[in-house]
Protein chains: 2
Amino acid sequence: MKPLGVTVWFTGLSGAGKTSISQRVQEQLGEIYNTELLDGDLVRQTLTKGLGFSREDREENIRRIGFVAHLLTRNGVIVLVSAISPYQAIRQEIRQKIGSFIEVYVNAPLEICEQRDVKGLYRQARAGEIQQFTGIDDPYEVPLNPEITCYTAQESLEESVAKVTEYVLAKLHSSALTLPL
Amino acid sequence: MKPLGVTVWFTGLSGAGKTSISQRVQEQLGEIYNTELLDGDLVRQTLTKGLGFSREDREENIRRIGFVAHLLTRNGVIVLVSAISPYQAIRQEIRQKIGSFIEVYVNAPLEICEQRDVKGLYRQARAGEIQQFTGIDDPYEVPLNPEITCYTAQESLEESVAKVTEYVLAKLHSSALTLPL
């Protein structure tokens, strides 16, 4: 009997805190479990290189990340995916394909994300230098039934991280999906 | 200490027997180990959808398969890759990136592959209906130091399969790279 893993999918606006939370979760779970972090920004340099931000390209981007997450998950890995993934339908498609799936809605109001503007992208989007930017001139479809919501405007990074790791560990232990290696 | 896997990379002309051998190897090793088969023809419908057969696209195809094989390998999976992968330099690049890597040269003379022509592709290539077909009007660069060569025009499928599984098992056991699950 092979162990199963889980995909933990972080969705939310740019600047909501997906990368910070997912990196910290990986640090904690990675001490005991096989983990992989697929960060949307990073995989655009390898796995999804050449894709743009049209609806079609965004869907292909998410589908491709989902394909890889699926392969890893069924081989016992805890896969952390950090990607805006703005469309509900495609998130749902991936969830059904993977099965062992936890959706984490990294929820911060647009005003806060725009205020933080860590990468300077909101400024560029407002100035019209970037098109099809989620939250500005491209939609973000809020998750309907996420397993976890992290309210990063109110809670600390450690609180958000604890929510996720506790949920993941409870799921793994209750269903015995994965054994520590 | 996490277990490491291995990538077993089957390269050779279309019709040389890569898919048959890799499928059979997966059947045998899959009973005990975590295995994944990334078949070039199949992943072109998902992972590498939209890529063509120009040199650039072929390289991107192989690089992307290599990226996924790497992720799986470092999480303890035996990854079987079956892809023509005609260029030496890119195979070498993938080998170095992955580290735990076995190159299997599925070696059958072009005349034999063309005679078999299981998918009817050689006929189409000769008729000019397909361009950039490896062995006809696109080069195949023979592996320089493959760990295994399967001479599929002389040996039986079972002989080829046995060569590969024995090599893989010896490698895994000698270096204790992976433990049975």
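Because the structure is predicted, anything quoted here is derived from the model rather than measured.

> How do you make sense of the sheet that holds strand β2 (residues 35-39) of chain B when you look at a structure like this?
In a beta sheet, neighbouring strands are held together by backbone hydrogen bonds and run either parallel or antiparallel to one another. Residues and elements named next belong to chain B. Pairing in this open sheet of 5 strands is parallel, and the strands run β2-β3-β1-β4-β5 from one edge to the other. Strands with a single pairing partner mark the edges of an open sheet, and in this sheet they are β2 and β5 (148-151). Taking the axes of each pair of neighbouring strands and ignoring which way they run, one obtains an average angle of 15 degrees across the sheet. Of the strand pairs in this sheet, strand β4 (residues 101-107) and β5 are connected by 4 bridges, and their pairing is parallel. If you follow Val-106 over to β5, its bridge partner there is Cys-150. Strands in contact with helix α4 (residues 88-98) are β1 (6-11) and β4; relative to β4, the strand with the most contacts, it is inclined by about 150 degrees.

> Could you clarify how one ought to interpret the packing of helix α3 (residues 55-73) of chain B against α4(B) in this entry?
Residue and element names in this part refer to chain B. Two elements in contact, α3 and α4, have axes separated by 10 Å at closest approach and are oriented at 15 degrees. When the interaxial angle is binned, α3 and α4 end up roughly parallel. The interaxial crossing formed by α3 with α4 has right-handed handedness. Taken together, the residues of α4 that come into contact with α3 (itself represented by Glu-59, Ile-62, Arg-63, Gly-66, Ala-69, His-70 and Thr-73) are Ile-90, Glu-93, Ile-94, Lys-97 and Ile-98.

> What am I meant to see in the nonpolar core here?
Side chains of a nonpolar character, in soluble globular proteins, are inclined to be buried together. Counting 38 residues, the largest nonpolar core has Leu38(A), Val68(A), Val81(A), Leu38(B), Val68(B) and Val81(B) as the members making the most contacts within it. Elements that contribute at least two residues to this core include exactly α3 (55-73), β3 (78-82) and α4 (88-98) of chain A together with α3, β3 (78-82) and α4 of chain B. The residues touching Val68(B), leaving out its near neighbours within four places in the chain, are Leu47(A), Val68(A), Leu71(A), Leu38(B) and Leu47(B).

> Just to check I follow, could you spell out the pairing of strand β1 (residues 6-11) of chain A for this structure?
Residue and element names in this part refer to chain A. Across the 6 residues that make up β1, a large majority, 6, are buried. Side chains Val-6, Val-8 and Phe-10 of β1 all project onto a buried face; the interleaved residues Thr-7, Trp-9 and Thr-11 project onto the opposite face, where all are buried too. Two elements, β1 and β3, share 5 bridges in a ladder whose sense is parallel. Within β3, the position partnered with Phe-10 by the bridge is Ser-82. Inspection of the sheet shows β1 paired to strand β4 (residues 101-107) by 5 bridges, in the parallel sense. Along β4, the bridge assignment pairs Thr-11 with Tyr-105.

> Sorry if this is basic, but what is going on with the interface of chain B and chain A here?
Contacts between the two partners involve 21 residues from chain B and, on the opposite side, 22 residues from chain A. When the two sides are added together, the surface that chain B and chain A hide from each other amounts to roughly 2,000 Å², 54% of it contributed by carbon and sulfur. For the pair chain B and chain A, the interface holds 4 salt bridges. Put simply, Lys49(A) and Glu60(B) hold a salt bridge, and the shortest N to O gap is 3.9 Å. Applying the counting rule to chain B against chain A returns 8 residue pairs in polar contact (both at pLDDT 80 or more). If you list the elements that add at least two residues to the side of chain B that touches chain A, you get β2 and α3 of chain B. For the side of chain B that touches chain A, the leading source of residues is α3(B), giving 6 residues.

Quick notes on the rules
Residues numbered from 1 in each chain as written. Chains lettered and ligands numbered in written order. Predicted model: local features only at pLDDT ≥ 70, side-chain atom pairs only at ≥ 80, totals over all residues. Heavy atoms only, no water. Pairing = 2+ DSSP bridges. Helix = DSSP H or I, 4+ residues; strand = E, 2+ residues; numbered from the N terminus. Axes fitted to C-alpha atoms, helices over the stretch in contact; angles between N-to-C directions. Contact = heavy atoms within 4.5 Å. Parallel < 35°, antiparallel > 145°, perpendicular 65-115°, else oblique. Left-handed = near helix turned anticlockwise from the far one by under 90°. Core = buried A, V, L, I, M, F, W, Y, C linked by side-chain atoms within 4.5 Å. Buried < 20%, exposed > 50% of the residue type's maximum accessible area, 1.4 Å probe, protein only. Buried area = accessible area lost by both parts, 1.4 Å probe. Salt bridge = Lys/Arg side-chain N within 4 Å of Asp/Glu carboxyl O. Polar contact = N/O pair within 3.5 Å; in protein donor to acceptor, adjacent residues only side chain to side chain.

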